[in-house]
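Analysis of the macromolecular model
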Amino acid sequence: MSDATLAEWLLPLSLATDAGAALPPGTASRTALLGLRVAERWNVNVDRGEVYFGALLRHLGCTSTAASETRIMGDEHELRSSLALSDAASPASMFKAARRGFGAGKPLRERARRVARFLAFAPREVPRIFSDRCDVAVHLAARLGLPPGVQRILDEAYERYDGKGAPAGKKGEELCPAARILAAAELVAMCSQLPGGLSIARDILVHRKGTQFDPDVVSLFTTHWSELLAQFDGDVRAMLLEREPTITVSVHLGDEDAFATAFADFVDLKSPFTVGHSRMVSVLAEDAARELGLPESDRKRLATAGLLHDLGRVSISNAIWDKPGPLTDGERDAMRAHASFTERILQASKPWKNLALLAASDHERVDGSGYPRMSPAPNAGLPARILAAADVLAALVAPRPHRAALGIEDAARVLREEAGRGRLDRAAVDAVLASQGFRSKERPRLPAGMSERELVVLRLLARGLTDKEIASELRISHRTVHHHNQSLFQKIGVSTRGAAALFAVEHGLL
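Bear in mind that the values here come from a model prediction, so they are computed numbers and not experimental data. (Residues numbered from 1 in each chain as written. Predicted model: local features only at pLDDT ≥ 70, side-chain atom pairs only at ≥ 80, totals over all residues. Heavy atoms only, no water.)

**Topic: helix α14 (residues 256-268)**
The end-to-end C-alpha distance of α14 is 18 Å, a good match for the 18 Å that 13 residues give at a rise of 1.5 Å each. Extensive coverage of α14 is indicated by the burial of eleven of its 13 residues. Every buried residue belonging to α14 is among Glu-256, Phe-259, Ala-260, Thr-261, Ala-262, Phe-263, Ala-264, Asp-265, Phe-266, Val-267 and Asp-268, and all of these are buried. Elements that come into contact with the buried residues of α14 comprise α1 (6-20), α7 (108-143), α15 (277-291), α16 (296-308) and α26 (497-506). (Helix = DSSP H or I, 4+ residues; strand = E, 2+ residues; numbered from the N terminus. Expected span 1.5 Å × (residues − 1). Buried < 20%, exposed > 50% of the residue type's maximum accessible area, 1.4 Å probe, protein only. Contact = heavy atoms within 4.5 Å.)

Listed below in structure tokens is the structure:
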């Protein structure tokens, strides 16, 4: 059982949300420090724990809309980084940011097409995107045991002081004080890592005083600017851990499974092709280890590594992950970098530092043809070889952008061929297949009174299909799909597609 504090459990997740939201590394940590410093100087009662943990997880829902943003706009990382400093209530500011950032390095016609598409879709889609993110963030925060005050901050992450934000259009003192602090703190934290960024941040704060930002918070920043930004060149992580407030959480801090499973679902929501993937890898790896007679400690390590192995996926755009055609050499290199990012995130984590190498070894191969190290050495241990085989099987039996899902027999044949070529370990492959590859599964008992038809709709929805695509797939009317969605959402108690997908994962319905 780990003796880690709540912050030590959540810091790797904050690093992942920085990458997923296309923010500079460490933005969440810097936001938390700044938020605490501002709260201490404001004559308003602000809960320090809510500020601290609300800052670390402010973009916890960012993966839930990555696929839809990419489908509409072309590249969610490009979209997010381009608009990071723009004024979302100003069409002129948004257009300027889009024109400057969209399609960098691409032909002028392609850049113009992306900007035009964004301007056409943004008024309708942006509020829905923010609503989805907030819904999923609040749900995951509740699973992590965080109190209602922190959940409220996540629900207000994209609101504005002037009421022109989303999802609820709250304004002024309708917003909790911590959310008002963090809106400004994140801007400064983000800009603090850019050349000349602090000057830009200060100008934006002053210019948007009373619109995007609370005037009192802006005044605190401008009055105490030097004090607030002191020591930002030091070890931000160490300073952050030193200042961790105590809050009451409903999840036991020794419950590694609760944290690892929440991390897995956060990552897997990034693409409709990976929903539930990490949970499946975890189960396959643990069952194979049991089949081979490995000790309980190894089985536990494999189960946790399976849940954490894809953390680095958030650092890569869905323009690559969800691309239906072949990847270019540059895209393939970028994709392969996700394994190294997984290792870096876990290396910085006290609870999971000893799992970093194992979790990042799922793409290594026995013959040295894998990545990121392209060496058989990191994959020499049997646990790592089991994880690699489990990951391949889980991927093969699920659809991918470039192919349909394989049946278990075809997937088993591919695994055995890989073992025959010396890429996967023969014993690991046999154990993964023997443990459950060919066992028939009983249909899960449907929760919340949903019908079989609603289950079919939920599965298609979780895979990212639009209502129109679901109607075409099932050969029913768009109106009927809408009716199924309304009934389904009411039964399972959600209001957004992202939360519905998360429900499907949590209840084993995929």
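That covers the picture; the talk isn't over yet.
**Focus on the side chain of Ser-278**
Along the chain, the position of Ser-278 falls in helix α15. Excluding its chain neighbours within four sequence positions, the residues that come into contact with Ser-278 are Ala-264, Asp-268, Gly-306, Leu-307, His-309 and Asp-310.

**Thoughts on unusual backbone geometry**
A cis amide bond, omega 10°, links Ala-166 with the succeeding residue Pro-167. Along the chain, the position of Pro-167 falls in the loop between α8 (148-155) and α9 (177-191). In the segment running from Tyr-371 into Pro-372, the intervening peptide bond is cis, with an omega of 15°. Secondary-structure assignment places Pro-372 in the loop between α19 (356-359) and α20 (382-396). In this structure, Ala-448 takes a positive phi of about 60° despite not being glycine. On the accessibility criterion, Ala-448 (41% relative accessible area) is partly exposed. With a phi close to 60°, Arg-475 is a non-glycine residue in the positive phi region. Within the fold, Arg-475 resides in the loop between α24 (467-474) and α25 (478-492). Note on Arg-475: relative accessible area 78%, which makes it exposed.

**Topic: the environment of Arg-111**
Note on placement: Arg-111 falls in helix α7. Here Arg-99 takes part through its backbone oxygen, which lies 3.1 Å from a polar atom of the side chain of Arg-111. (Polar contact = N/O pair within 3.5 Å; in protein donor to acceptor, adjacent residues only side chain to side chain.)

**Notes on the pattern of salt bridges**
Enumeration over the complete set of coordinates arrives at 37 salt bridges. Residue Arg-373 pairs with Glu-343 through a salt bridge whose shortest N-O separation is 2.9 Å. On the criterion of sequence distance, the pair formed by Arg-373 in the loop between α19 and α20 and Glu-343 in helix α18 (residues 329-347) is long-range, its members being 30 residues apart. Among the residues examined, Arg-373 registers a relative accessible area of 39% and is labelled partly exposed. Judged by its relative accessible area of 12%, Glu-343 falls in the buried class. (Salt bridge = Lys/Arg side-chain N within 4 Å of Asp/Glu carboxyl O.)

**Focus on the packing of helix α6 (residues 91-101) against α7**
Angle between the axes and distance between the axes: these two values describe a pair of packed helices. It is at 9 Å that the axes of α6 and α7 come closest, and there the two elements cross at 150°. Comparing the axis directions of α6 and α7 gives the class roughly antiparallel. α6 and α7 meet at a crossing whose hand is right-handed. Of α7, the residues touching α6 (which contributes Met-94, Phe-95, Ala-98, Arg-99, Arg-100 and Gly-101) are Arg-111, Val-115, Phe-118 and Leu-119. The residue makeup of the contact of α6 with α7, split by class, is six nonpolar, one polar and three charged. (Axes fitted to C-alpha atoms, helices over the stretch in contact; angles between N-to-C directions. Parallel < 35°, antiparallel > 145°, perpendicular 65-115°, else oblique. Left-handed = near helix turned anticlockwise from the far one by under 90°. Nonpolar A, V, L, I, M, F, W, Y, C, P; charged D, E, K, R; others polar.)

**Overview of the packing of aromatic side chains**
Evaluated as defined, the whole model comprises seven aromatic pairs. Their ring planes at 0° and their centres at 4.7 Å tell us that Trp-9 and Phe-259 sit as a pair that is stacked. Linking Trp-9 in helix α1 with Phe-259 in helix α14, this pair joins segments that are 250 residues apart in sequence. Here the two residues Trp-9 and Phe-259 agree in accessibility, since each one is buried. One aromatic cluster is present, formed by Trp-9, Phe-259, Phe-263 and Trp-352 through successive ring pairs. In this structure, Arg-313 is placed above the aromatic ring of Trp-321, and the distance from its NZ or CZ to the ring centre is 3.6 Å. (Phe/Tyr/Trp six-rings, centres within 6.5 Å; stacked < 30°, edge-to-face > 60°. Lys NZ or Arg CZ within 6 Å of the ring centre and 35° of its normal.)

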